[in-house]
Amino acid sequence: MKVSYNWLKEFVDIELSAAELAEKITMAGLEVDSVTKIDTCGSVVGEIVDITEKDNLYLTKVDIGSEVLNIATADKNVNLHDKFPVVKEGALLSNGVKISKKKFGDFVSEGMMLSAEELNLEDSSSGLLKLDETLRNGMALSEIDEFNDYIIDIELTPNRADALSILGVARDIKAITKKSIKYPKMDFALVEKNIKNYISVKIDDYKNCPRYTLLMADVVVKPSPMFIRLRLLKSGIRPINNVVDITNYVLMAMGQPMHSFDFNRLSGDICVRRAKNKEKILALDSKEYELDESMLVIADSKKPVAIAGVMGSEESSVTDDTKTVALESAHFNPVSVRMTARKLKLHSESSHRFERGVDPNLCLTASSYAMSLLEKYADAKVYMGYIDQKETEFKPKTIVCSFEGINRLLGSDFEQKAVKEIVEYLDFKPKVISIDKFKVTIPTYRFDIEGEADIAEEVARCMGYDKIAPTLPVVQTSFKRKKPVDYAKHQITKTLADMGLSESVNYSFTDSSKLKLFSKNEDEFVYLKNPLIEGQDVMRTTLVCGLLDNLKFNMSKNAKSAALFEIGRVFFKDGDFAKESDRLGAVMWGEASFNWIEGRRFYDFYDMKSVTEMLEKLFNIEFLYRKTERKFLHTGRGADLFVGGKDVGFIGELHPDFYDYYDIKFDKNMRIILCEVDLNSIAEYVTRVKMFEKLPKLPTVVRDLAVVVDKSINASDVKRAIGLFDNVYEVVLFDVYDKLEDSSKKSLAFRIVLKNDDKTFVDTEIEEIMNNIFNALVKKFDAKLRG
Amino acid sequence: MYHIKKEFEALIADAKTEEDIKQIKAKFLGKKGKVSELFKQMGGLGDEQKKEFGKNINKLKQYIEDSLTNKQTQIKEIRKKESLEKESIDVTLPARRGFLGSIHPITKTIIEIEDIFKSMGFDVETGYEIEFDRYNFEMLNIPKEHPARDMQDTFYINDNVLLRTHTSPTQIRVMESKKPPVMFISPGKVYRRDSDITHSPMFHQVEGLLIDKDIHFSDLKGVLSDFLKIFFGDVPVRFRPSYFPFTEPSAEVDIGCIICGGKGCRVCSNTGYLEVLGCGMVHPNVLKNVNYPDEYNGFAFGLGVERFAMLKYGIDNIKLFFENDIRFLKQFS
């Protein structure tokens with residue numbers, strides 16, 4: 001909310017500069033975003049003393065006191081003796097534009113008349129900023145109070161509805177600087193007409209409209225005086241005409257949203273009721289809205305004339321021809337207003353305040369203030385009487401607090417007297433009722449105060465949070481044993497980084513059309529109801545999509561290789577809710593090495609296998625590698641990973657067909673290798689402690705064995721068969737050769753370490769063991785000795 | 001004898017190879033060598049003289065033998081050194097095993113934050129990223145149609161299920177499953193329907209909760225001040241009143257701008273301070289919602305990991321975290 005420093009000063013004495021004030025209220029909970037001094041760009045008051053029209057251009061003579069300038073303008077609304085802010089050639093506007101002489105035929109324009117936009121008071125202006133006629137020609141704008149001002153932009157938290165006005169902010173300043181509030185004059189004369197003879201109001205729904213007041217007056221519609229227009233501009237509101245401006249002015253000053261109807265455009269009496277289904281209203285923003293039964297409207301006998309608390313209709317609005325206004329000042333239920341505004345996607349200064357809560361006791365004060373201003377600036381003749389429909393009074397609530405309780409919550413040592421004084425300045429009317437207890441009466445504008453904790457916060461913020469000295473708590477707590485996965489995540493991350501992979505972090509939502517390629521079961525997808533963009537419409541069920549996106553992105557940046565991993569959640573539909581699981585995903589592509597020792601080598605399956613083997617070691621589990629059934633993997637170069645009979649992930653090259661989906665050219669040297677393991681699935685098979693295995697007592701013996709087997713035989717099966725023998729301590733596969741004469745065969749060479757715990761081996765025993773091993777391999781794999 | 005010594009010294013000084021040594025040895029100590037010749041000259045001398053002369057020759061002989069051995073060792077050393085020199089390598093070439101991998105700055109930051117709080121005795125908990133509206137809002141004192149919901153634009157799965165907008169639902173999850181006292185932090189991903197230069201639709205938070213008997217706002221100040229001073233170094237820390245529906249009193253925590261040292265710059269919008277944390281004393285309604293007994297209270301806090309990482313590493317664009325440009329990632333090895 002933008003508030004004018006000068007306007008604040010009308011409500012409370014301020015001895016601080018704008019910047020000091022900003023700091024002070026920030027530290028008391030009204031966070032100031034910025035303080036901006038109005039930049040008048042060196043402009044002065046200029047009066048138009050001559051106008052000639054030529055080709056849609058107005059060639060004027062402007063008296064700026066010391067001289068008369070020739071200035072051309074396109075604004076049609078310039079009249080003789082109008083006054084505007086004027087800058088001469090050479091001036092620099094805040095938007096960076098430098099004013100220079102311009103020629104229009106024979107006419108040389110020597111300056112410029114400014115709009116509010118050029119003075120940075122508005123985003124876009126439709127015309128020049130008209131100044132009061134009483135101002136002296138040539139006077140610098142910076143000497144005029146309304147221009148010699150600061151705009152303080154406060155980022156109000158939603159609980160502080162009470163501070164959504166100049167008065168509200170002034171009340172907080174009053175409390176923290178211990179001053180008093182100065183109220184404006186609100187008196188006006190009455191004419192011999194009584195509102196009761198003209199209109200009546202009926203409320204159908206007191207729950208959503210607890211109070212509705214109406215005043216009436218005959219008015220003369222014209223532009224507002226300069227100070228009203230400027231104050232509205234400084235608050236971010238566009239001036240319209242005096243009647244509308246004054247309701248907005250009072251809204252800004254006091255926080256009471258008001259609406260003025262053109263009485264002669266209303267048909268019959270007012271009724272506050274629920275809208276009918278599909279009932280339509282053309283609102284003041286010139287858009288038509290379709291309403292439903294949950295929404296509250298203000299209606300005349302024919303149709304809705306306002307969406308309650310949100311916006312009035314165009315057909316009942318005040319225009320230049322309006323002669324009589326009916327001024328609404330009401331109280332609406334915050335939830336009802338919020339729901340309506342959200343459903344219609346229609347937000348206004350009015351709905352913003354009603355949603356957060358407006359003082360139900362403010363209605364008539366605000367409309368009196370408005371009438372006094374209308375009398376002065378719209379020649380208002382105010383009717384006698386007023387309409388005030390309500391079912392109940394709005395009584396302030398009381399809370400009983402304990403001085404000790406407040407100090408205990410805060411960890412402070414504030415004296416009773418100091419606490420009481422603060423509460424008094426907040427107008428909470430404290431009444432001490434016992435040694436430690438006091439009762440406070442909460443003003444009806446403080447919706448946020450509910451209990452002792454709230455009073456404690458009020459005390460703390462007015463005292464200053466810095467008045468509470470930091471302490472350290474002593475807590476006796478017990479710790480839960482963690483799931484192995486929670487322990488392991490950081491460890492996996494560190495190990496993979498050591499192994500040369502870089503960690504990625506991707507969005508959890510992805511493109512459903514891409515995700516479908518990598519999924520077996522689309523029924524499990526968790527879709528977003530309101531995605532931000534189309535390509536982020538579904539929660540990921542695999543990390544692969546994100547990693548491939550990363551790969552693609554890095555290719556576009558001319559990367560020659562990528563080895564990335566991610567540890568993150570995947571999501572699956574579970575009835576109306578979702579199941580989540582932690583996964584490790586990895587992708588490798590391109591140069592595995594490109595250096596002076598190893599030269600150039602490309603990532604292959606076995607680089608990725610170091611990732612799965614690392615997991616086996618870390619978790620003390622063993623994967624079963626089965627030929628893959630996943631459609632996105634290379635059928636001959638991929639494996640599904642099983643632990644305990646459960647599919648827990650996969651490893652393998654991306655299927656060549658899938659390169660197209662990512663618009664990546666398939667290069668048989670630069671294959672994309674993927675891997676994904678569900679960490680939660682393997683967690684249940686994890687044995688955290690691997691027990692110590694005794695070392696061989698006697699010296700071990702090392703023998704090599706090379707066998708020729710069919711290419712289809714898995715080396716790991718052969719290795720496992722060797723390992724089954726009692727005397728075998730360790731088996732290392734040290735060579736695989738597949739360029740034999742018989743191309744269907746391959747040779748596998750093993751180093752076998754033999755142990756014997758009873759006695760030292762003799763050669764014949766070793767020979768016997770090796771023979772037994774070989775014979776077993778012949779039997780099982782039809783192995784032959786490599787010749 | 002003096003001349004022989006001089007001659008020997010001149011020769012040995014010039015000796016460069018083991019062959020030179022051999023020749024010098026033959027020349028002086030061989031059967032026909034100069035020292036042997038000296039012995040032959042002894043024949044014509046008297047007993048006393050002979051004794052004296054013999055002693056001197058032996059001295060010379062010993063001197064020559066020692067010198068030769070020394071020289072030989074010297075030459076061997078030089079040889080060895082030369083042959084090692086020949087095997088010289090360029091020690092500035094990079095290592096065989098490059099440290100090419102890296103940990104994402106978000107993870108790095110989370111690990112650092114976890115380490116600090118663990119050392120203070122906080123446990124680490126995990127929560128759900130897809131949550132019920134009830135846990136994300138209602139149990140945290142944010143009923144439906146509460147204006148505070150505007151603070152967090154939400155992704156919905158259906159009317160009651162959403163992507164959590166903050167890590168605070170973990171507070172409820174843990175308190176529902178565990179009796180007080182509780183003391184934990186919980187890092188994780190959160191989601192808001194917002195995307196621009198400073199906002200990402202997904203980002204990371206670390207939540208913290210401490211509930212016990214007799215916990216004060218001053219404790220909150222103490223714990224968080226210490227944490228911030230460990231993480232950012234010795235910076236000024238200030239607490240400012242703010243509002244969160246699930247805490248009362250609530251505070252925002254600022255640290256002195258680490259970019260400009262508090263003088264005011266673009267990063268701190270010339271305020272000299274950077275907002276880094278939201279916190280407060282847990283709202284009585286929240287404790288009531290999880291049926292905690294009245295004598296328990298405590299504090300909660302939440303921080304944005306990206307913000308901490310951006311400040312710590314001087315990263316100026318939140319998008320960089322999720323593009324996963326290898327050139328960016330590898331700076332964090």
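Residues numbered from 1 in each chain as written. Chains lettered and ligands numbered in written order. Predicted model: local features only at pLDDT ≥ 70, side-chain atom pairs only at ≥ 80, totals over all residues. Heavy atoms only, no water.

*Asks:* Describe the overall build of chain A, naming the residues involved and giving the relevant values.
*Replies:* In terms of regular secondary structure, chain A is built from 18 helices and 40 strands. Relative to its length of 787 residues, chain A is extended, with a C-alpha radius of gyration of 41 Å against a globular reference of 28 Å. Seen through its C-alpha atoms, chain A measures out along the principal axes to roughly 130 × 85 × 55 Å. Expressed as a percentage of contacts within chain A between residues at least 6 apart in sequence, the contacts between residues at least 24 apart total 68%. Counting only carbon and sulfur atoms, one obtains 48% of the accessible surface of chain A, whose full area is about 37200 Å². Of the side-chain charges in chain A, 112 are positive and 125 negative, and the distance between the mean point of each set is 3 Å. (Helix = DSSP H or I, 4+ residues; strand = E, 2+ residues; numbered from the N terminus. Rg over C-alpha atoms; globule rule 2.2 N^0.38 Å. Contact = heavy atoms within 4.5 Å. Areas by Shrake-Rupley, 256 points an atom, 1.4 Å probe, with all protein chains shown as cover. Lys, Arg positive; Asp, Glu negative; His and termini not counted. Charge placed at Lys NZ, Arg CZ, Asp CG, Glu CD.)

*Asks:* Run through the overall build of chain B, naming residues and quoting values.
*Replies:* When helices and strands are counted, chain B shows 12 helices and 9 strands. Taken over the C-alpha trace, chain B has a radius of gyration of 42 Å; the compact-globule value for 333 residues is 20 Å, which it surpasses by more than 25%. Each principal axis of the C-alpha distribution contributes one length, and for chain B these read about 130 × 45 × 45 Å. Roughly 16000 Å² of accessible area belongs to chain B as shown, and the carbon and sulfur atoms make up 51% of that amount.

*Asks:* Tell me what's going on with the domain arrangement of chain B, and back it up with residues and numbers.
*Replies:* Domain assignment breaks chain B into domain 1 (2-86) and domain 2 (105-332). In this structure, domain 1 of chain B and domain 2 of chain B have C-alpha centres spaced 87 Å apart. (Domains from an automatic or database assignment.)

*Asks:* If you had to explain the sheet that holds strand 12 (residues 201-203) of chain A to someone new, which residues and values would you point to?
*Replies:* Residue and element names in this part refer to chain A. Pairing is mixed in the open sheet, where 5 strands are placed in the order 12-15-18-19-20. The strands lining the two open edges of the sheet, one partner per strand, are strand 12 and strand 20 (311-312). Relative to strand 19 (residues 304-307), strand 18 (residues 296-299) runs antiparallel, the two being bridged by 3 bridges. Its bridge partner being in strand 19, I298 is matched across the sheet by A306. (Pairing = 2+ DSSP bridges.)

*Asks:* An account of the nonpolar core is needed here, citing residue identities and associated values.
*Replies:* Membership of the largest hydrophobic core comes to 179 residues, with the highest contact counts inside it found for A:I455, A:F518, A:L548, A:I672 and B:I130. In contact with A:L548, not counting residues within four places along its chain, are A:F518, A:V587, A:L654, A:Y662, A:I672 and A:L674. Membership of the second largest hydrophobic core comes to 39 residues, among which are A:L296, A:A326, A:F332 and A:I387. (Core = buried A, V, L, I, M, F, W, Y, C linked by side-chain atoms within 4.5 Å. Buried < 20%, exposed > 50% of the residue type's maximum accessible area, 1.4 Å probe, protein only.)

*Asks:* Before we move on, can you summarise the interface of chain A and chain B with the specific residues and values?
*Replies:* Contact with chain A, which involves 85 residues of that partner, is made by 92 residues of chain B. A buried area of about 7500 Å², summed over both sides, lies between chain A and chain B, and 57% of it is on carbon and sulfur atoms. Taken as a group, A:Y465, A:V505 and A:F577 account for 10% of the area that chain A buries against chain B, more than any other trio of residues on that side. Between the two partners, chain A and chain B, sit 4 salt bridges. The salt bridge involving A:E31 is made with B:R240; its shortest N-O contact spans 3.5 Å. (Buried area = accessible area lost by both parts, 1.4 Å probe. Salt bridge = Lys/Arg side-chain N within 4 Å of Asp/Glu carboxyl O.)

*Asks:* Account for the packing of aromatic side chains, naming residues and giving values.
*Replies:* Per the stated rule, a full pass over the model turns up 43 aromatic pairs over all chains. Judged by centre distance (4.4 Å) and plane angle (25 degrees), the ring pair of A:F403 and A:F438 falls under stacked. Taken together, the residues A:F403 in helix 9 (residues 403-410) and A:F438 in strand 26 (residues 437-442) connect sequence positions 35 residues apart. Relative accessible area serves as the criterion here: at 3%, A:F403 is assigned to the buried category. Taken together, a centroid distance of 4.9 Å and an interplanar angle of 85 degrees make the contact between A:Y659 and A:F666 edge-to-face. Assessed through its relative accessible area of 1%, A:Y659 is described here as buried. The class of A:F666 is partly exposed, set by a relative accessible area of 34%. Here a set of aromatic residues connected by ring pairs shows up, and it is made of A:Y507, A:F509, B:F155, B:Y191, B:Y313, B:F321, B:F322, B:F328 and B:F332. (Phe/Tyr/Trp six-rings, centres within 6.5 Å; stacked < 30°, edge-to-face > 60°.)

*Asks:* Just give me the short version of helix 6 (residues 334-344) of chain A, but keep the residues and values in it.
*Replies:* All names here are of chain A. Listed as buried for helix 6 are S336, V337, R338, T340, A341 and L344. Sitting at the head of helix 6, N333 places a side-chain oxygen 2.8 Å from the backbone nitrogen of V335. Of the residues flanking the end of helix 6, it is K345, one or two places downstream, whose phi is positive at about 50 degrees. (Polar contact = N/O pair within 3.5 Å; in protein donor to acceptor, adjacent residues only side chain to side chain.)

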